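Given next are the chains, with one letter for each unit.
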Amino acid sequence: MTGKRTGGKSAGAAAAATGADAGSSGAAVDGAATTKQTVAADYYLRPFTAEVRNDTGLFGAVQPYTMEGLGKVVAAVEAGLRTYGAYAMKVDVQTDVTCMMTAKALVEYTPRSDRVLEGSKVGFTFADGSLECRLYVGKAEVRAVAEQKMDEDDAFLKRAGKLGWGAAEDVVVIGLSTLAGGFVGGLAKHAIVRGAGLIVAKSGQLYGAARFGRRLYDEMIPTGFCTLELKPTSSMGVTREQQRVYTAFVHRYK
């Protein structure tokens with residue numbers, strides 16, 4: 001637990017950013033938090049998706065989420081949205097030895113070093129029906145392919161964009177329209193994806209190689225990412241205070 005690109009917010013940075021809110025009143029553990037809404041509903045929220053990377057490894061490399069790491073992301077989300085309104089939590093978190101279905105189990109489970117499996121989920125549903133927040137362990141594109149909302153080629157290209165342009169401003173991923181300086185012409189998209197792979201170049205020189213290499217390594221750790229989704233109800237207005245809380249939360253993950 002964009003044009004400016006969404007994603008790339010680390011778990012540590014996000015947790016630190018929301019930590020200031022941890023003392024706010026109203027917490028939910030299987031139950032609900034309460035808050036007063038006194039202003040008329042006259043704001044509408046936009047959906048938001050971010051990628052929270054567990055970049056706590058050596059030199060900032062991504063590591064698989066453990067129970068401790070996931071717990072920090074969940075706590076950060078709770079701290080940031082606690083004053084939005086009353087909410088309930090839904091938990092479906094699995095490790096290689098057990099599964100947890102309640103917020104209490106999520107907090108109390110030991111050992112905290114157990115690795116969390118891809119597909120684990122933690123959801124926050126707000127009582128007024130205006131917002132759902134979901135944490136999904138894994139990459140958004142992988143989930144979209146599994147749910148048949150995106151084909152594998154499009155998912156690959158989307159990850160490639162994040163891999164290259166997110167590593168350094170002067171890294172360019174070539175593969176859509178050109179290949180090694182020559183036009184691809186009539187080659188189908190899947191042929192580019194499956195046959196060519198990624199070529200990183202700019203004017204014949206490699207830039208940001210170390211950062212790119214780290215990102216390439218990160219891509220091999222599917223459970224080193226959490227997908228954070230905020231899904232407002234498009235037809236439901238919210239109060240000024242809810243809008244303020246939502247906006248502040250989103251800015252921490254941009």
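Everything discussed here concerns the structure shown above.
Scope of this entry: the structure provided in the associated data block.

1. Brief notes about the overall build of the protein chain
Turning to step 1, where the next piece is worked out: Of the regular secondary structure elements, the protein chain holds eight helices and eleven strands.
Turning to step 2, where the next piece is worked out: Sorting the 254 residues of the protein chain into buried and exposed places 41% on the buried side.

2. Side note on the pairing of strand β6 (residues 131–137)
Turning to step 1, where the next piece is worked out: Here β6 lies mainly inside the structure; five of its seven residues are buried.
Turning to step 2, where the next piece is worked out: The sheet contact formed by strand β5 (residues 121–126) and β6 spans five bridges and is antiparallel. Within β6, the residue paired with Gly 123 across the bridge is Arg 134.
Turning to step 3, where the next piece is worked out: Counting the residues in the hairpin turn of β5 and β6 gives four residues, including Gly 129, whose phi is positive at 80°.
Turning to step 4, where the next piece is worked out: As paired elements, β6 and strand β11 (residues 225–232) share seven bridges and run antiparallel to each other. Each bridged residue has a counterpart across the sheet, and for Arg 134 the counterpart in β11 is Glu 229.

3. Re a nonpolar patch on the surface
Turning to step 1, where the next piece is worked out: A surface patch of nonpolar side chains, amounting to about 320 Å² of accessible area, comprises Leu 216, Tyr 217 and Met 220.
Turning to step 2, where the next piece is worked out: Mapping Tyr 217 onto the fold places it in helix α7 (residues 209–218).
Turning to step 3, where the next piece is worked out: Relative accessible area serves as the criterion here: at 42%, Tyr 217 is assigned to the partly exposed category.

4. Details of the nonpolar core
Turning to step 1, where the next piece is worked out: Of all hydrophobic cores here, the largest spans 38 residues; its most connected members are Val 77, Val 93, Val 122, Phe 124, Leu 230 and Tyr 253.
Turning to step 2, where the next piece is worked out: The set of elements that each furnish at least two residues to this core consists of β2 (48–53), α2 (67–81), β3 (87–94), α3 (103–108), β5, β6, β11 and α8 (240–252).
Turning to step 3, where the next piece is worked out: The element contributing the most residues to this core is α2, with seven residues.
Turning to step 4, where the next piece is worked out: Shared between two domains, this core takes at least three residues from each, and those domains are domain 1 (41–98) and domain 2 (99–141 + 220–253).

Thresholds applied
Residues numbered from 1 in each chain as written. Predicted model: local features only at pLDDT ≥ 70, side-chain atom pairs only at ≥ 80, totals over all residues. Heavy atoms only, no water. Helix = DSSP H or I, 4+ residues; strand = E, 2+ residues; numbered from the N terminus. Buried < 20%, exposed > 50% of the residue type's maximum accessible area, 1.4 Å probe, protein only. Pairing = 2+ DSSP bridges. Patch = residues over 30% accessible without salt bridge, like charges linked within 9 Å, V, L, I, M, F, W, Y side chains within 5 Å. Areas by Shrake-Rupley, 256 points an atom, 1.4 Å probe, with all protein chains shown as cover. Salt bridge = Lys/Arg side-chain N within 4 Å of Asp/Glu carboxyl O. Core = buried A, V, L, I, M, F, W, Y, C linked by side-chain atoms within 4.5 Å. Domains from an automatic or database assignment.

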